[in-house]
Amino acid sequence: MKLLGTVFTMCTLCFSVNALALNEDTTLNNQATVANAQATDNQVLEVKKVAPKTIYEAQVGDAIYVSESANVWLRACPDSRCKINAATHVGEKFSFVKFSTDQKFVLVDDGNKQQWMQTRDVQVEPCGKAKVEILEGKVAELQNKLDNYDSVVAKDYQSAKAKLEKLEKENAQLKDILSKQNTQIEDLDATRRDFADRLETKELDMQMRWWLQGAVIAFCGAIIGIICVYIPRPRGRKKSRDNW
């Protein structure tokens, strides 16, 4: 009788597990939808903080993932003898709430209900399905970049070509301006030399004029002096002076 009771109990447990497994996909999809909605609502109010390195450093609201351990059960209380409410898969995402007194169990929130699981069965790094989704997102991003690589390169080439043509045009304009300025500088230099030569010639002419004027004045003075020496003096006046 005891053996039959044990077999009956085991069969009942297996049936319960199978029933939970059948409803698991629907429940997980609902949980994911609710979790995503809550994450979107809380994204604005969320304050950036340092991600925990271990499960024991987790804080309220931190994302934790089911580890790769087998037999991951969700219980009603923090004890291995407590009732098993559901089962979960590797990589499922939950929100950390708190630890049990002995830290052997952790209370998690799936968006609908809070349940307990063993601390050894969770970790802070993504794994399983969550990590696959992250890697798939990176692969999709890289594939998108690869698919658009030719168009991006062509666009960059056209942009660089346009910039090069603009720079070449500006360079030609600068060369033309520089050539005109050099021509103007040469013309101004030639004009300066011409004026300098004229100024020097004018100074020489003025000096020659001054010398000639001085020579003429000196020559005239010498002639006047010579003339004055040879002019005869009146003698009548001298005799009258002697009579006095």
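Colleague: Which residues make up the pattern of salt bridges, and what values do they have?
Modeller: Evaluated as defined, the whole model comprises 5 salt bridges. Of the charged contacts in the structure, one is a salt bridge between D176 and K180, with a shortest N-O distance of 3.8 Å. One end of the pair is D176 and the other is K180, both in helix α3 (residues 149–230) and 4 residues apart, which spans about a single turn. On the basis of relative accessibility, which here comes to 41%, the residue D176 falls in the partly exposed class. Overall, the relative accessible area of 51% leaves K180 in the exposed class. Of the charged contacts, one joins D194 and R198 as a salt bridge, the two residues approaching to 3.4 Å between their closest N and O atoms. Remark: R198 and D194 occur in helix α3; sequence separation between them is 4 residues, near one turn of the helix.

Colleague: So, a nonpolar patch on the surface: which residues are in play, and what are the values?
Modeller: There is a patch of nonpolar side chains on the surface, built from F219, I223, I227 and I231 and spanning about 380 Å² of accessible area. Summarising the element assignment, F219 is placed in helix α3.

Colleague: Pulling in residues and values, what's your account of the environment of V66?
Modeller: Note on placement: V66 falls in strand β1 (residues 63–66). Its relative accessible area of 0% is what places V66 among the buried residues. Those residues in contact with V66 that sit more than four places away from it in its chain are V72, T88, H89, V90, G91, E92, F94, M117, D121, V122 and C127.

Colleague: Help me get a handle on the nonpolar core, residues and values and all.
Modeller: Residues I64, F94, V106, V108 and M117 are the most contacted members of the largest nonpolar core, which totals 15 residues. Among the secondary structure elements, those contributing two or more residues to this core are β1, β4 (93–99) and β5 (105–109). In terms of residues, this core owes the most to one element, β4, which gives 3 residues. Leave out the neighbours within four places in its chain, and V106 touches F96, K98, F99, Q115, W116, M117, Q118, T119 and V122.

Colleague: So, unusual backbone geometry: which residues are in play, and what are the values?
Modeller: Residues other than glycine seldom take positive phi values, yet Q103 does so here, at roughly 60°. As for its placement among the helices and strands, Q103 is situated in the loop between β4 and β5. A relative accessible area of 37% means that Q103 is categorised as partly exposed.

Calculation rules
- Residues numbered from 1 in each chain as written.
- Predicted model: local features only at pLDDT ≥ 70, side-chain atom pairs only at ≥ 80, totals over all residues.
- Heavy atoms only, no water.
- Salt bridge = Lys/Arg side-chain N within 4 Å of Asp/Glu carboxyl O.
- Helix = DSSP H or I, 4+ residues; strand = E, 2+ residues; numbered from the N terminus.
- Buried < 20%, exposed > 50% of the residue type's maximum accessible area, 1.4 Å probe, protein only.
- Patch = residues over 30% accessible without salt bridge, like charges linked within 9 Å, V, L, I, M, F, W, Y side chains within 5 Å.
- Areas by Shrake-Rupley, 256 points an atom, 1.4 Å probe, with all protein chains shown as cover.
- Contact = heavy atoms within 4.5 Å.
- Core = buried A, V, L, I, M, F, W, Y, C linked by side-chain atoms within 4.5 Å.

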